[in-house]
Amino acid sequence: MQLQLAGEARRPGRESEDFAAASPEALVLLDGASSPTGLESGCRHGTAWYVRRLGVHLLARLTDRADRSIAECLSDAIVETAALHGGRCDLAHPNTPAAMVVAARRHGESLEYLVLGDSLLVLEYKDGPPKVIGDNQRFPGGEGLRRQIWATVPGSAERAALHLEYALAVRAARNRGNGPWIAAASPRAAGHAETGFVRLERLHALAALTDGASRYTERFGLGSWADVLRLLAESGPGELIAQVREVERADAACERWPRGKRHDDASAVYALL
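These numbers come from a predicted model, not from an experiment.

Q: Looking at this model, I keep getting lost on the nonpolar core. Mind explaining?
A: Note that soluble globular proteins tend to have their nonpolar side chains buried in a common cluster. Val-28, Leu-30, Leu-58, Leu-62, Leu-74, Val-101 and Leu-116 are the most contacted members of the largest nonpolar core, which has 27 residues in total. Only strand S2 (18–23), strand S3 (26–32), helix H1 (47–64), helix H2 (70–85), strand S4 (99–107) and strand S5 (110–116) provide two or more residues apiece to this core. Not counting chain neighbours up to four residues away, the residues in contact with Leu-30 comprise Glu-17, Asp-18, Phe-19, Val-51, Leu-54, Gly-55, Ala-99, Met-100, Val-101 and Thr-210. By size, the runner-up hydrophobic cluster in this structure holds 22 residues, among which are Val-122, Leu-240, Val-244 and Val-247.

Q: Sorry if this is basic, but what is going on with the pattern of salt bridges here?
A: Pairing is possible between side chains of opposite charge, provided their charged atoms come close. Enumeration over the complete set of coordinates arrives at 14 salt bridges. In this structure, Asp-67 engages Arg-65 in a salt bridge whose closest nitrogen and oxygen atoms are separated by 2.7 Å. Assessed through its relative accessible area of 28%, Arg-65 is described here as partly exposed. Between Glu-248 and Arg-215 there is a salt bridge, with its nearest N and O atoms 2.7 Å apart. Residue Glu-248 is located in helix H7 (residues 237–250), and its partner Arg-215 is located in helix H5 (residues 211–218); the two are separated by 33 residues in the primary sequence. As far as burial versus exposure is concerned, Glu-248 and Arg-215 are alike and both buried. Through salt bridges that share partners, Arg-61, Arg-68, Glu-72, Asp-76 and Glu-80 make up one connected network.

Q: Any chance you could explain the environment of Ala-98 here in plain terms?
A: With respect to the element layout, Ala-98 can be found in the loop between H2 and S4. The spatial distance from the C-alpha of Ala-98 to the C-alpha of Thr-47 is 6.8 Å, given a sequence separation of 51 residues. Look past the residues within four positions of Ala-98 in its chain and what remains in contact with it is Asp-31, Gly-32, Ala-33, Thr-47, Tyr-50, Arg-174, Ile-182, Ala-183 and Ala-184.

Q: I keep staring at the sheet that holds strand S1 (residues 2–8) and nothing clicks. Help me out?
A: If you trace the five strands from one edge of the open sheet to the other, you get S1-S10-S9-S6-S7, paired in antiparallel fashion. Looking along the sheet, the strands with just one partner apiece sit at the ends: S1 and strand S7 (131–134). Neighbour-to-neighbour, the strand axes of the sheet open up by a mean angle of 15 degrees, direction not taken into account. As paired elements, strand S6 (residues 120–125) and S7 share four bridges and run antiparallel to each other. Residue Leu-123 lies in a different strand from S7, and its bridge partner there is Lys-131. Running at roughly 75 degrees to strand S10 (residues 266–272), H5 makes contact with S6, strand S9 (203–209) and S10 of the sheet. Contacting S1, S9 and S10, H7 crosses the sheet at an angle of about 30 degrees to S1.

Q: Which parts of the structure should I look at to understand the layout of surface pockets?
A: Gaps between atoms show up when a probe of the same size as a water molecule is rolled over them. There is about 1100 Å³ of room inside the largest pocket. Taken together, 39 residues make up the lining of the largest pocket; nearest its centre are Asp-118, Arg-146, Tyr-166, Asp-211 and Asp-264. If you list the elements that add at least two residues to the lining of the largest pocket, you get S3, helix H3 (143–150), helix H4 (157–173) and H5. In terms of residue count, H4 provides more of the lining of the largest pocket than any other element does, five residues in total. Classifying every residue of the lining of the largest pocket by side-chain character gives 11 nonpolar, eight polar and 20 charged. Contributing to the lining of the second largest pocket are 31 residues, with Arg-10, Ser-35, Pro-36, Thr-37 and His-163 lying nearest its centre. Broken down by element, the residue count for the lining of the second largest pocket peaks at four residues, all from H4. Considered class by class, the residues forming the lining of the second largest pocket number eight nonpolar, 14 polar and nine charged.

Q: What should I look at first to understand the packing of aromatic side chains in this one?
A: Aromatic ring pairs are described here by two measures, namely the spacing of the ring centres and the angle between the planes. Evaluated as defined, the whole model comprises one aromatic pair. Relative to Trp-257, the ring of Phe-220 has its centre 5.2 Å away and its plane inclined at 65 degrees; by these criteria the two rings are edge-to-face. Taken together, the positions of Phe-220 in the loop between H5 and helix H6 (225–235) and Trp-257 in the loop between H7 and S10 put the pair 37 residues apart, joining distant regions of the chain. This pair shows no difference in class: Phe-220 is buried, exactly as Trp-257 is.

Each value, and the rule that gives it
Residues numbered from 1 in each chain as written. Predicted model: local features only at pLDDT ≥ 70, side-chain atom pairs only at ≥ 80, totals over all residues. Heavy atoms only, no water. Core = buried A, V, L, I, M, F, W, Y, C linked by side-chain atoms within 4.5 Å. Buried < 20%, exposed > 50% of the residue type's maximum accessible area, 1.4 Å probe, protein only. Helix = DSSP H or I, 4+ residues; strand = E, 2+ residues; numbered from the N terminus. Contact = heavy atoms within 4.5 Å. Salt bridge = Lys/Arg side-chain N within 4 Å of Asp/Glu carboxyl O. Pairing = 2+ DSSP bridges. Axes fitted to C-alpha atoms, helices over the stretch in contact; angles between N-to-C directions. 1 Å grid on protein atoms, 1.4 Å probe; cavity = no way out; pocket = protein on both sides within 12 Å on 5 of 7 lines; lining within 4 Å. Points joined across faces, edges and corners; volume = space filled by probe spheres on them. Nonpolar A, V, L, I, M, F, W, Y, C, P; charged D, E, K, R; others polar. Phe/Tyr/Trp six-rings, centres within 6.5 Å; stacked < 30°, edge-to-face > 60°.

Below you can see the structure in the form of structure tokens.
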């Protein structure tokens, strides 16, 4: 694979809670679940710490354990990362650090992939339209709250209160029952990921995007997925993120394109196969 990646924190001076890494045969992209300011997590490390360690462990597993399925690799990486917390962190806390995950690797003559949460994997076939995989752990019970958040003024006390209410509702349902399921401290989450194989001979390229980058199509409608793949091929992931930021700045009040945050951490990986 020939790989390009780019990432940008949602604002200068803030540490990104995304993580992307790759080797010639595998890639991982993680989007940390952001937490409202002041909401306890039971963890002394934080989300950025968690996504980096989970991402590194997962990439290592993908490259050296071909005998393990990609979901088993994620399960193993979750266990290994949980062990790093130590006894001072409460991993049973509903707000313990968590992340959405995209992973892919060459496995013989096929591409093996995994997507957990609302990050996306876009497959570009040599023939036919792109296939978008992901956003498979939706939270229908929170849709009404999300719309209420979008209807409030960014930065207002009302929005902050609704955002906290939504965050608490998500965390009460997360990683239990019907979910949503994302990577946190329990290896069971890996079993809820969307996984599969595609013959490499059918593929031209692939893209992995956190929801901050997929806004290009998903929220702003700046182009189709075929347009996204063309932009990535011609100008790279950095240009995709730059165009997303340009639209966000032009709609700072979130009026034309309602959304929970003016800006979000944005990361993208493009791989030519």
